[in-house]
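Analysis of the macromolecular model
Each chain, letter by letter, is given below.
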Amino acid sequence: MQKTTMIKKEVMQNQHKWYKIDATNWVLGDLAVKAANILRGKNKKFYTPNVDCGDFLIITNANKVVLTGKKINDKKYYDHSLYIGGLRTRTAKEMIARYPEEMLERAIQGMLPKTKLGNAVFKKLFVYRDNGKDHSAQQPVEIKEGVVFA
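Presented here is an overview of the structure given in this document. What you are looking at is a predicted structure, and each value in this text was computed from that prediction instead of being measured.

So, helix α4 (residues 100-109)
Among the residues of α4, Pro-100, Met-103, Leu-104 and Ile-108 are the ones counted as buried. Seen end-on, α4 carries its buried residues on one side only, within an arc spanning 130°. Here the buried face of α4 lies against α1 (28-40), β2 (56-60), β3 (76-80), α3 (92-98) and β5 (125-127).

What follows is the structure in structure tokens.
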């Protein structure tokens, strides 16, 4: 019988890899699931839920992500300024046109835990509208497999 091993925080220091995903023609939800799993480390064999064993992730071309069905017009994003009448509503079409990074970040953050660990994991995400900054110094591994909308 094999024993389950729980990895320690000290063991995971400086063992995080860098990955890069081109979001062109990816479905928003599928990309968010893939990103959340990489950020949390669920793609590794030694995943431990209470330790940050995930990796860094760079997502480029966030403005080319795809929404299926009628979500482009029906899905709404809400923000409130905490003042009376301060509710702001935006459709997904407006979010893709003006704020694609925020839309993708909201989808991914919704799939992460709402704790200090979730906040630390979310800081390892870098989303860019176009090709973004040059992260070649980190030598990211390009991820091409996965569900792509054709």
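Examining unusual backbone geometry
A positive phi is found at Asn-25, a non-glycine position, where the angle reads about 65°. With respect to the helices and strands, the residue Asn-25 is situated in the loop between β1 (18-22) and α1. Here Asn-25 falls in the partly exposed class, since its relative accessible area comes to 38%. Residue Gln-139 is not a glycine yet carries a positive backbone phi of 50°. Note on placement: Gln-139 falls in the loop between β5 and β6 (141-143). Owing to a relative accessible area of 63%, Gln-139 belongs among the exposed residues under this scheme.

With respect to the pattern of salt bridges
Tallying each qualifying case throughout the model produces 9 salt bridges. Measuring nitrogen to oxygen at the nearest pair gives 3.0 Å for the salt bridge that ties Asp-79 to Arg-88. In this structure, Glu-101 engages Arg-129 in a salt bridge whose closest nitrogen and oxygen atoms are separated by 3.5 Å. Here Glu-101 is found in helix α4, whereas its partner Arg-129 is found in the loop between β5 and β6, with 28 residues between them in sequence. Residue classification places Glu-101 among the partly exposed residues on the basis of a relative accessible area of 22%.

Side note on the pairing of β1
Summarising the sheet, β1 and β2 pair through 5 bridges and their orientation is parallel. Bridge pairing links Asp-22 to Thr-60 in β2. Where the polypeptide runs from β1 across α1 and back to β2, its parallel neighbour, the crossover connection is right-handed. Both β1 and β6 contribute to a ladder of 3 bridges, which runs parallel.

Here is what the cut-offs are and how they apply
- Residues numbered from 1 in each chain as written.
- Predicted model: local features only at pLDDT ≥ 70, side-chain atom pairs only at ≥ 80, totals over all residues.
- Heavy atoms only, no water.
- Buried < 20%, exposed > 50% of the residue type's maximum accessible area, 1.4 Å probe, protein only.
- Helix = DSSP H or I, 4+ residues; strand = E, 2+ residues; numbered from the N terminus.
- Arc of directions from axis to C-beta.
- Contact = heavy atoms within 4.5 Å.
- Salt bridge = Lys/Arg side-chain N within 4 Å of Asp/Glu carboxyl O.
- Pairing = 2+ DSSP bridges.
- Right-handed = clockwise from strand over helix to strand, strands pointing away.

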